[in-house]
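Coordinates in review
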Amino acid sequence: MEELPPPLIIEILSRLGDSSELARCRLVSRTLNSLSREVSKIHLLCTLSRYLKSRAPETEPSGTPFKTIISNLVLHRQALRSVSIGVEKSLGKISYDDVEGESDDLYLTDVGFVNQWLPNIGGGLKSLSVSDFWIQSCWRKSEILSLISSCCHSLLELQVKNAWLSVDGLKPMPMLTSLTLEYIRLDDEDLHKVNHCFPYLKVLNLIGVGGLKEPKIHLLHLNTCLWTVSNAPLSLTILAPKLVKLKLKCIKPQSLVLETPLLSNFHLALEEANEFKVKEFPHLENLKLESVNLCSLISMFPSGRIVKKLRVDSMKLKMTGFNFDMLFDVFPNLSYLHMGSGAWKEIENYFHSRGMEGRRGMKGLKEIVGYLVECDYLTFSFIFSILDNCTNLSDMALVIHKRVDNPTASGLISKCRAACPRVRWRRGMWIEGTEDLWVSEPL
Amino acid sequence: MKFCTVKQYFDDENNNNVTNGIATTVIPLPNKHLKIKANNKEMEQYEQELLRNVMPQELTKLILAANYLNFKEALDFFCRTVANAIQNKSVDYVRKFFGLESDFEPGEEEKLCKEFAWSFEGVDED
């Protein structure tokens, strides 16, 4: 260890998960004590056990308050470039009934608290993340954004979770390129202040942000956007001329307007589309659509000639007339198709009652991934029809639900392999709540 | 480009003794990284396997080698490995791991202990 020069020791210390690890290292030796102060990151989460100890009568008096720990760690550390403080996710599950009235010991977006240390180290800070304790923060409006915009002129990345944020006094932050707001009540109804003060954002993540009325994202440099929104806003608008990747999850917006001409990777989860005004997507290659009514959504979608990779899934099992032929009418140049379990079921049912005509575009399809909920003697005839039409298919993966017994699932794959040996067949297994498993077949 | 420094390393007399064992571990890493780049899980498994055969003291030498050869990914991996090895362990464990001894003045260590008392919950038994 003595052989390691200080910069390399700092590299090791910088990779310790939590700042409490770093704190313990300070007690190892003088060298580690002084080098620990050079580590440019602080990452500290209040764990569930620390929370419980602070409330238990036996341990409460001896514990250091969490806010004090943070202040001590952070003060006078001008070398700090990244600060990440918060409460562990498990604390989000504590119910209101278990919590006493007005305590604010874990109210981290409290301006009074942050003002004790942020002005001191804010100048050099590049990344800041605060994950608040919802029970203590949801009913207190915080002016923390204004404070951050005053102190942190070099900030590139900002993340705030579980808080009620005001935009009063928010000043422009032209250096900020990445903003994440998660489970936030934001007092900026139409996102007017966000657009104005963070004009150079490249990455914007709005996950469960409430308080919006007719939000419009209007950012000229935005490259990647993730937006999950409830049904409260009346309309959703995104004007982003450089946007390349978008994931939008909404319910039934009365109006959805997208002007994103460079979009190439789009994931849209939408229960129902009323007014869907989207201009052409001349660069859209990768598309994922999830809806209750796939038939209606797809028929509203501007020409998908460019789309090469398509993923579809139905949120509810509703027979809407969605079928394989129709897919290729809208997306004639697919090379990859991924069908979620809802979509597969809908398409297969349609096939059994109305058959499959075939489309020229099917000959371009190279790879299919299908999620099956059940497997019976009819399943094979549907797959056979696909093989018959998709004559250039080289890869097919069937991910079968765990409830289907192994011999049945295995039997299906064998039948498929025998019918079409030129295709590379793969079998997988899925069940809600866990990662999919690939099953390797004996040759 | 990475491999120019490798030749220099071999030529450097001081490092001759350390070269063989270290080189066989460090050199294949960039290729393996390229192959498994897309799949994080596979890389984790590969890293775990590598670790099984390496003693903690060797890790220091591996870090120095990776740094000299300017292999950023290898350096990151080895440093993370050391960090993981001392994670959640007592101060004594960390001292033993690195072969260090406490060089504090008598009052100093107590003062630090008090200041950082909050960081001692949840630590593994030695």
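Only a predicted model underlies this, so the values are computations on that prediction, with no experimental measurement involved.

A count of helical and extended segments in chain B gives 8 helices and 0 strands. In chain B, the order of α-helices and β-strands from amino to carboxyl end is α-α-α-α-α-α-α-α. Going through the 126 residues of chain B one by one, you find that 38% of them count as buried. Taking the intrachain contacts of chain B between residues at least 6 apart in sequence as the baseline, contacts between residues at least 24 apart amount to 54%. Total accessible area on chain B stands at roughly 8200 Å², and carbon and sulfur atoms take up 49% of it.

Residues and elements named next belong to chain B. Splitting chain B by domain gives domain 1 (1–87) and domain 2 (88–126). Counting residues at the interface gives 6 residues for domain 1 and 6 residues for domain 2. When the two sides are added together, the surface that domain 1 and domain 2 hide from each other amounts to roughly 570 Å², 69% of it contributed by carbon and sulfur. Across the domain 1-domain 2 interface, the total number found is 0 salt bridges. Counting across the interface, domain 1 meets domain 2 through 3 residue pairs in polar contact (both at pLDDT 80 or more). Elements with a contribution of two residues or more to the side of domain 1 that touches domain 2: helix H5 (56–68) and helix H6 (72–86). Ranked by residue count, the leading element in the side of domain 1 that touches domain 2 is H6, at 3 residues.

At the interface, 36 residues of chain B touch 33 residues of chain A. Carbon and sulfur atoms make up 65% of the surface buried where chain B meets chain A, a total of about 3100 Å² over both sides. For the pair chain B and chain A, the interface holds 3 salt bridges. For Arg30(A), the salt bridge is made with Glu105(B), and the minimal N-O distance between the two is 3.8 Å. Applying the counting criterion to the chain B and chain A interface returns 9 residue pairs in polar contact (both at pLDDT 80 or more). Looking at the side of chain B that touches chain A, the elements that each hand over two or more residues are H5, H6, helix H7 (91–98) and helix H8 (106–115) of chain B. The leading source of residues in the side of chain B that touches chain A is H6(B), at 7 residues. Class assignment of the residues belonging to the side of chain B that touches chain A gives a composition of 18 nonpolar, 7 polar and 11 charged.

The positions UniProt marks with the feature "domain: F-box" (unreviewed entry) are residues 4–45 of chain A. Secondary structure content for residues 4–45 of chain A is 52% helix and 12% strand, and the end C-alpha separation is 30 Å.

Here we come to unusual backbone geometry. Residue and element names in this part refer to chain A. Positive phi, normally seen in glycine, also occurs at Asn 162, with a value near 60 degrees. In this structure, Asn 162 sits in strand E5 (residues 157–165). Unusually for a residue other than glycine, Tyr 183 sits at a positive phi of about 50 degrees. With respect to the helices and strands, Tyr 183 occurs in strand E6 (residues 178–186).

Now for the sheet that holds strand E10 (residues 235–239) of chain A. All names here are of chain A. What the 4 strands build is an open sheet, ordered E8-E10-E12-E14; its pairing is parallel. With partners counted over all chains shown, the strands left at the sheet margins are strand E8 (216–218) and strand E14 (275–278), one partner each. For this sheet, the mean inter-axis angle between neighbouring strands, taken without regard to orientation, is 5 degrees.

Cut-offs and rules
- Residues numbered from 1 in each chain as written.
- Chains lettered and ligands numbered in written order.
- Predicted model: local features only at pLDDT ≥ 70, side-chain atom pairs only at ≥ 80, totals over all residues.
- Heavy atoms only, no water.
- Helix = DSSP H or I, 4+ residues; strand = E, 2+ residues; numbered from the N terminus.
- Buried < 20%, exposed > 50% of the residue type's maximum accessible area, 1.4 Å probe, protein only.
- Contact = heavy atoms within 4.5 Å.
- Areas by Shrake-Rupley, 256 points an atom, 1.4 Å probe, with all protein chains shown as cover.
- Domains from an automatic or database assignment.
- Buried area = accessible area lost by both parts, 1.4 Å probe.
- Salt bridge = Lys/Arg side-chain N within 4 Å of Asp/Glu carboxyl O.
- Polar contact = N/O pair within 3.5 Å; in protein donor to acceptor, adjacent residues only side chain to side chain.
- Nonpolar A, V, L, I, M, F, W, Y, C, P; charged D, E, K, R; others polar.
- UniProt positions renumbered as here; feature names shortened; annotations may be inferred.
- Pairing = 2+ DSSP bridges.
- Axes fitted to C-alpha atoms, helices over the stretch in contact; angles between N-to-C directions.

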